[in-house]
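Descriptive structure summary
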Amino acid sequence: MSAFWCTALGYVPASPPAGFASWEQWFRDLAVPEEEWDDGAAIEDPAGVGPRISFLKVPEPKTAKNRLHLDLQVGGGRATPWDERWERVRATADRLIAAGATEQAVVEIDGRRDHVVMLDPEGNEFCVV
């Protein structure tokens, strides 16, 4: 999931904490059992502007609607000409499909394609607008 969201957000895998050359070194220093080293991941904005995001594995599968819904606002907003906005939305949706997302629906407003409802590789819904 962290690799998919790196692609979706333009993020990179998070660097190990300050003072550590690798995550393995950090895990060893904190005596984290090796079987837990793959229980999560973190990603970060390479420009250092956006928030760091952490992912934790859970034992149960997704069974209901998301508790959180992300909108990837890539189109430029309503002030951007429709053709230009839709081209950006479609290009991003296609890039994310190649990365493992599934397109659920194209939503039209006033007869024009507006945004794409998608599922990430684990089935969590998000939109590209």
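Throughout what follows, the structure given in this document is the object of discussion. (Residues numbered from 1 in each chain as written. Predicted model: local features only at pLDDT ≥ 70, side-chain atom pairs only at ≥ 80, totals over all residues. Heavy atoms only, no water.)

Here we take up the pattern of salt bridges. Evaluation of the coordinates by the stated rule reveals 8 salt bridges. One salt bridge connects Arg-28 with Glu-34, and the closest N-O pair in it is separated by 3.9 Å. Taking relative accessible area as the criterion, Arg-28 reaches 48% and is therefore assigned partly exposed. Look at the salt bridges and you will find they share partners, linking Glu-24, Arg-28 and Glu-34 into a network. (Salt bridge = Lys/Arg side-chain N within 4 Å of Asp/Glu carboxyl O. Buried < 20%, exposed > 50% of the residue type's maximum accessible area, 1.4 Å probe, protein only.)

As a further point, take the sheet that holds strand 5 (residues 102-109). Reading across from one edge, 4-7-6-5 is the order of the 4 strands in this open sheet, with mixed pairing throughout. Where the open sheet ends on each side, the last strands, each with one partner, are strand 4 (70-72) and strand 5. On average, each strand axis in the sheet is tilted by 25° relative to the strand beside it, whichever way the strands run. Here 4 bridges tie strand 6 (residues 112-119) to strand 7 (residues 125-128), and the two strands are oriented antiparallel to one another. Paired with Val-116 across the strands is Val-128, a residue of strand 7. Relative to the sheet, helix 1 (residues 2-9) contacts strand 4 and strand 7, its axis offset from that of strand 4 by approximately 45°. (Pairing = 2+ DSSP bridges. Helix = DSSP H or I, 4+ residues; strand = E, 2+ residues; numbered from the N terminus. Axes fitted to C-alpha atoms, helices over the stretch in contact; angles between N-to-C directions. Contact = heavy atoms within 4.5 Å.)

Next up on the list: the packing of aromatic side chains. Considering all chains together, one arrives at 7 aromatic pairs under this definition. On the basis of an interplanar angle of 25° and a centroid distance of 5.4 Å, the ring pair of Phe-27 and Trp-37 is categorised as stacked. Remark: Trp-37 occurs in the loop between helix 2 (23-29) and strand 2 (40-44) and Phe-27 occurs in helix 2; sequence separation between them is 10 residues. You can call Phe-27 buried: its relative accessible area is 14%. Of the residues examined, Trp-37 reaches a relative accessible area of 18% and is grouped as buried. (Phe/Tyr/Trp six-rings, centres within 6.5 Å; stacked < 30°, edge-to-face > 60°.)

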